[in-house]
Amino acid sequence: MRIGWYINRLRSMSPAEISHRLGEHRRKVVSKRRDDGWQRYGSPQLHPVFRALRGAVQADATADRRQAITAAIADTLEGRFSALGRTWPPRDPGLLFPAEFWRLDPVSGTLWPGPEVHAFNVDFRSTGDRGDIKYVWEINRLQQLPPLAVHWLLSGDAQCLNAIEAAIDSWHSANPPFRGVAWASGIEVALRAISLIVTLDFAGDKLAATTRGKIGEILAASAYWLPRFPSRFSSANNHLVAELAGEYLISLAFGAESASARTALIAEVDKQILADGAGAEQTPTYAAFTAELILLCATAAHQAEAPFPASVEKRLAAFADFVDWLPAKAGGFGDDDEGRVITLGDERDYVRSIAAAIHGYFGMAGAAPAPDDFRSLFFGVPLQSAATPHGLRTFEQGGLSVWRGTMNGRSIELTYDHGPLGYLSIAAHGHADALSLTLCIDGDPVLVDPGTWLYGSGREWRDWFRSTPAHNTLNIEGQSQSIISGPFNWSHKAQATLVESQRELPWRLRALHDGYKSRFGIVHQRTVTGEADGILVADQLLGRGRKAEIVFQLAAGLEANRDGNTVMVSRGGETLMTIRFPDNSVDIRAGGDTPGQGGWVSPRFGVRQPAQRLAWRGEVGKHGVDVRLAVSPPQHQ
């Protein structure tokens, strides 16, 4: 496993990156010999970073927000924790944070390495029996502490201060630098530091001096770690943004802004949020995570009277506009590991919450967040509502087109993906979904992206959920357009090109990709045309004809019934649309024990559900194959 991973990763590296990795390895060897122990990282004087937060929270804490915070901290104080689709074993409220808690995998029940093992010796990419590293890292982000601090500020409940002190004292004792799984990744170091800084700004002056000293030591060790082992070259995606954000905010907490971290962070804004607002990683949730990190740092810079340049606001606003076009319940595309920066826990509409935060912070019009949105206490809410966009919008840099309108008396939201596979040489979080569609009818998902499910412990299912046959597009011989070479790597990347985007009626989108050209001598072209009561999807194989599979993955809970070459898609007995294929060679299946047997969807990380997958198989050539999606009128009409 490890040898294969290294070989595939080396193939994605430039000579400059290989040189960097060799230097990094030398630094790690030296670090393992000398950098352990809290005694090397004395606590400096700590300064407030978000000076205006206390007043803003006290002024804007509505009844709904207070209720949501109270519910979240009740779980924490009772020893309950849930994340990533899993619930951790309950803990005794009298011992909320035992040492083993920080390395417990809630799925397998096993413990990841602790202080007996150096962080650089933790093989977190292994698919052994410990489970998915995401789970144990999630609790080590300490993101349950800021809500405790906010609740203390609003209520004066001393239990919150006691819980914060217990968590920090336990974590500090169980995780000396740089030992165990909690120090094994820079993004985790950074997010934990951010949680501690926010907690300090709300309740730090009420914490015991010893606890404040331990926070200072954790931040000092983090400040050493982050610039020494940064994510660079093929790894310089959202991980780098998080690391730079952590480094920058720690420097403000120490009383002296890091000019290098600030400069590098601002440079990443234009790299990772494209000019049209789409995320470079080809996943809205990772783009939202990146945007939240940048927005938090912009807030700190403003309060330090050294605001970020206007270009940052412009790029963040473009992302918020991009989100406004996305269907609210479509589920996104690409990877989603539910990463957050400021959170109460489970969030089902994270991307839109970030868009509202951007609009609120910069005083723009936009869609309002949910009434109990915790993040709005930090950034504000939009000054006024913005009209819901309609029509056809093409985001050319991001490679996504969205059509919103009405067909046969129903509200329709369609997305068409014609973007690149992902970001940088490994495209870590992209899926092989070129020319795929999603469709919502009356706000509810009908044709969906399959989602993510799991990362490290997903094994063959990790490959399935990001494969072409799992998406609403065409595949050849069950092979993906882009070739998978590891859980976060690809050896060959399909290149997609938008050929036509016609906004006038009948609106039309045409794009192609070359993912099958080297293997089969074929270019796949798909044309999507709007009709009065439906959508015509025309697939062509340019080069030479051959048998192919055209897939439509339904959302969980929908029924599919075939009559000849026509499939009726319904929910609760009401027909939503019909799909007419060229002939009756249509297979409809849900679930299965192995990937590809039937349809599966993952509505959130760690959760998967069987769902009907429609697969037509037949000959496709240059003249094409047409599939018509006809929207059915509502029953009440």
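First things first, this report covers the structure right here in the doc. (Residues numbered from 1 in each chain as written. Predicted model: local features only at pLDDT ≥ 70, side-chain atom pairs only at ≥ 80, totals over all residues. Heavy atoms only, no water.)

**Brief notes about the environment of I73**
- Note that I73 resides in helix 4 (residues 63–77).
- Between the alpha carbons of I73 and C160 there is a distance of 8.0 Å; along the sequence they are 87 residues apart.
- Residues contacting I73, with those up to four places away along its chain left out, are P147, L148, H151 and C160. (Helix = DSSP H or I, 4+ residues; strand = E, 2+ residues; numbered from the N terminus. Contact = heavy atoms within 4.5 Å.)

**Description of the sheet that holds strand 22 (residues 613–620)**
- What the four strands build is an open sheet, ordered 8-15-22-19; its pairing is antiparallel. Unpaired on one side and paired on the other, strand 8 (474–475) and strand 19 (586–589) mark the two borders of the sheet.
- The pairing of strand 8 with strand 15 (residues 546–553) spans two bridges and is antiparallel. Each residue of the ladder has a partner; that of N475, found in strand 15, is E549. (Pairing = 2+ DSSP bridges.)

**Examining the packing of aromatic side chains**
- Tallied over the entire structure, the rule returns 32 aromatic pairs.
- Aromatic ring contacts, followed pair by pair, group W38, Y41, W171, F178, W183 and Y224 into a single cluster.
- Here R192 stacks its cationic end above the ring of W183, 5.1 Å away from the centre of that ring.
- Its guanidinium or amino end placed over the ring of W600, R608 lies 4.4 Å from that ring's centre, counting from NZ or CZ. (Phe/Tyr/Trp six-rings, centres within 6.5 Å; stacked < 30°, edge-to-face > 60°. Lys NZ or Arg CZ within 6 Å of the ring centre and 35° of its normal.)

**Some points on the packing of helix 10 (residues 238–253) against helix 12 (residues 284–303)**
- For the pair helix 10 and helix 12, the least separation of the axes is 10 Å and the interaxial angle reads 15 degrees. Judged by the inter-axis angle, helix 10 sits roughly parallel to helix 12. Once helix 10 is placed against helix 12, the crossing between them reads as left-handed. For the pair formed by helix 10 and helix 12, the contact residues are N238, V241, A242, A245, Y248, L249 and L252 on the first element and Y286, F289, T290, L293, I294, L296, C297, A300 and A301 on the second.
- Here the contact of helix 10 with helix 12 is built from residues that sort into 14 nonpolar, two polar and no charged. (Axes fitted to C-alpha atoms, helices over the stretch in contact; angles between N-to-C directions. Parallel < 35°, antiparallel > 145°, perpendicular 65-115°, else oblique. Left-handed = near helix turned anticlockwise from the far one by under 90°. Nonpolar A, V, L, I, M, F, W, Y, C, P; charged D, E, K, R; others polar.)

**A word on the nonpolar core**
- Among the nonpolar cores identified, the biggest contains 134 residues, and L249 and F319 are the most heavily contacted of them.
- Sorting elements by how many residues they give to this core places helix 12 first, with 13 residues.
- Each residue touching L249, except ones within four places of it in the same chain, is listed here: V49, F50, I194, I197, L296, C297 and A300.
- By size, the runner-up hydrophobic cluster in this structure holds 49 residues, among which are I412, Y516, V528 and W616. (Core = buried A, V, L, I, M, F, W, Y, C linked by side-chain atoms within 4.5 Å. Buried < 20%, exposed > 50% of the residue type's maximum accessible area, 1.4 Å probe, protein only.)

**With respect to the pattern of salt bridges**
- Enumeration over the complete set of coordinates arrives at 35 salt bridges.
- The shortest N-O distance in the salt bridge between D270 and R315 comes to 3.6 Å. Of the two residues, D270 is situated in helix 11 (residues 259–272) and R315 in helix 13 (residues 310–325); the sequence distance between them amounts to 45 residues.
- Between D539 and R526 there is a salt bridge whose closest N-O contact spans 2.7 Å. Note that D539 is positioned in strand 14 (residues 534–542) and R526 in strand 13 (residues 523–530), a separation of 13 residues in sequence.
- Overall, D539 belongs to the buried group, its relative accessible area being 0%.
- The network of salt bridges with common partners includes E292, R340, E347 and R375. (Salt bridge = Lys/Arg side-chain N within 4 Å of Asp/Glu carboxyl O.)

**Some details on the side chain of E188**
- Of note, E188 is situated in helix 8 (residues 186–203).
- Classification of E188 by relative accessible area gives buried; the value is 3%.
- When neighbours within four sequence positions are excluded, E188 is seen to be in contact with W137, R141 and A182.

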